[in-house]
Structures are given as C-alpha cells and as structure tokens.
Amino acid sequence: MIDLKVIGQVITIHRERNLMTQLDLADRLYVTRQAVSKWETGKSIPSIEMMVELTKIFNITIDDLLYGQKSVKDDFSYLLNCYPREYVINQLIQGNLEVKIEKVLYLLSPEERMVVITHIIKNTIKVDLVSILPYLTLDERMRIISAFKDQFKRNLYFVLSFNEKKFLEGKNESKKNVTIFR
C-alpha cells in the first residue's frame, strides 16, 4: 500500500540532500512550490510523470521513492510473488538482494533450496554455517557438513548433533553390523 507520508518524507530528505529549496525543486519540475509542499506533507501525491522526474533528479529508484528506506530488494517474499522465481533465485545467488539466506529459506521449494545449498557448497553464496544450520532439513545439513567436513571438525564441532558427530568421525550409524540368527 502506498503511504503518502512516506513519499513526502522521501522527497523532503532527497531535496534537502541535494541542497534544494521547495522552490528550486518546483522550478525543475515546472510545478508550483505549493505542489511540492503538498507532496512533502502527504496531502497529495505527485503524478506518475512527476515521480519519474523525481527519480531522475534524486538518482533513486521508483521503489525508493514509494517505499522509502525499505527497499523492495529487502522484501524477498514480495519479489517471489511479483517476478519469475528463477530470476529471484538468480538474484539471490549473485548477491544482488539484501537478505539473509537463513531468513528466506522457508519460502523456497525443495528444488530451489537445493540450488541455494549447491551454491553455498560452491562458495558462490557466502553464509555463516552456524547460523544457517538450524534452518536446514536433515538432508541439507548432511550435504553442508559433508562439503565442509574439515571446517566442522576444526571449528564447528560444537554445533553438531550426536549423529552428525558420528558421521564426521566415520562411524555411520546406518552401517551397523547385523547378526542373523537361524
């Protein structure tokens, strides 16, 4: 939802950063000073054409103008709903989004999560292994632990479960000796 007061605050902040008066901005946009005043106080909203001009003058995005400090780049859920999922995942992998991986994993399908895990293993995505572990499924944890065995053995042994520690030590529980009685 568009908040007129937020747009007004953004206009005020950027106008002042550019050392402009309301009259200076009004002259650049070919509007009255009163129109700029109404925008800044949230009493009215600039037209689409004026918003486009404001983004050019202030060198900001339309999202910055409409939403203020909370950029759309921070709203992963919004991006997933508005853009192709593959595009959003690629933006995440390339580091173009300002989100913490562990905070958005729950929004991803199992296939998308595997893509992210694969990139963590390849070091394309940098994460704090300790902070991400609680958000992973058992299979995902084992993939990460297998890929970073040495690091877990040296520095991160304390965060592992009993079974994960046994796995690292090479004592895999699934390979128990079974005696068959006849």
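Residues numbered from 1 in each chain as written. Predicted model: local features only at pLDDT ≥ 70, side-chain atom pairs only at ≥ 80, totals over all residues. Heavy atoms only, no water.

1. A word on the packing of helix α9 (residues 110-121) against helix α11 (residues 138-147)
For any two helices packed against each other, the geometry is given by the interaxial angle and the distance between the axes.
Turning to step 1, where the next piece is worked out: Between α9 and α11, the least distance of the axes is 10 Å, while the angle of their chain directions is 15 degrees. The angle between α9 and α11 falls in the class roughly parallel. Judged by the sense of rotation from one axis to the other, the crossing of α9 with α11 is right-handed. Facing Arg 113, Met 114, Ile 117, Thr 118, Ile 120 and Ile 121 of α9, the residues of α11 in contact are Glu 140, Arg 143, Ile 144 and Ala 147. (Axes fitted to C-alpha atoms, helices over the stretch in contact; angles between N-to-C directions. Helix = DSSP H or I, 4+ residues; strand = E, 2+ residues; numbered from the N terminus. Parallel < 35°, antiparallel > 145°, perpendicular 65-115°, else oblique. Left-handed = near helix turned anticlockwise from the far one by under 90°. Contact = heavy atoms within 4.5 Å.)

2. Comments concerning the nonpolar core
Turning to step 1, where the next piece is worked out: Core analysis: the biggest nonpolar cluster contains 28 residues, and Phe 76, Ile 101, Val 116, Ile 120, Ile 144 and Phe 152 have the highest contact counts within it.
Turning to step 2, where the next piece is worked out: Those elements giving two or more residues to this core turn out to be α6 (76-82), α7 (85-93), α8 (101-104), α9, α10 (129-132) and α11.
Turning to step 3, where the next piece is worked out: The dominant element in this core, judged by the number of residues it contributes, is α7, at four residues.
Turning to step 4, where the next piece is worked out: The residues contacting Ile 101, other than those within four sequence positions of it, are Leu 92, Val 116, Ile 120, Ile 125, Val 127 and Ile 132. (Core = buried A, V, L, I, M, F, W, Y, C linked by side-chain atoms within 4.5 Å. Buried < 20%, exposed > 50% of the residue type's maximum accessible area, 1.4 Å probe, protein only.)

3. Observations regarding unusual backbone geometry
Turning to step 1, where the next piece is worked out: Positive phi values are uncommon outside glycine, yet Leu 19 reaches one of about 55 degrees.
Turning to step 2, where the next piece is worked out: Positionally, Leu 19 belongs in the loop between α1 (4-17) and α2 (22-29).
Turning to step 3, where the next piece is worked out: For Asn 123, which is not glycine, the phi dihedral falls at a positive 65 degrees.
Turning to step 4, where the next piece is worked out: Tracing the sequence through the fold places Asn 123 in the loop between α9 and α10.

4. A word on the confidence of the model for the chain
Turning to step 1, where the next piece is worked out: A residue-level look at the chain finds 89% of positions with pLDDT of 70 or above and a mean pLDDT of 86.
Turning to step 2, where the next piece is worked out: Taken as a whole, residues 173-182 scores under 50 in pLDDT and shows two contacts with residues more than four places along the chain or in a different chain. (pLDDT = per-residue confidence, 0-100.)

5. Section: the environment of Val 115
Turning to step 1, where the next piece is worked out: Mapping Val 115 onto the fold places it in helix α9.
Turning to step 2, where the next piece is worked out: For Val 115, a relative accessible area of 35% puts it in the partly exposed group.
Turning to step 3, where the next piece is worked out: In sequence terms Val 115 and Ile 89 are 26 residues apart; their C-alpha atoms lie 8.5 Å from each other.

6. Considering the packing of α2 against helix α3 (residues 33-40)
Turning to step 1, where the next piece is worked out: In the contact formed by α2 and α3, the axes pass within 8 Å of each other and the chain directions differ by 110 degrees. Judged by the inter-axis angle, α2 sits roughly perpendicular to α3. In terms of crossing hand, the pair formed by α2 and α3 is right-handed. Judged by residue contacts, Gln 22, Leu 23, Leu 25, Ala 26 and Leu 29 of α2 engage Arg 33, Val 36, Ser 37, Trp 39 and Glu 40 from α3.
Turning to step 2, where the next piece is worked out: Partitioning the contact of α2 with α3 into residue classes produces six nonpolar, two polar and two charged. (Nonpolar A, V, L, I, M, F, W, Y, C, P; charged D, E, K, R; others polar.)

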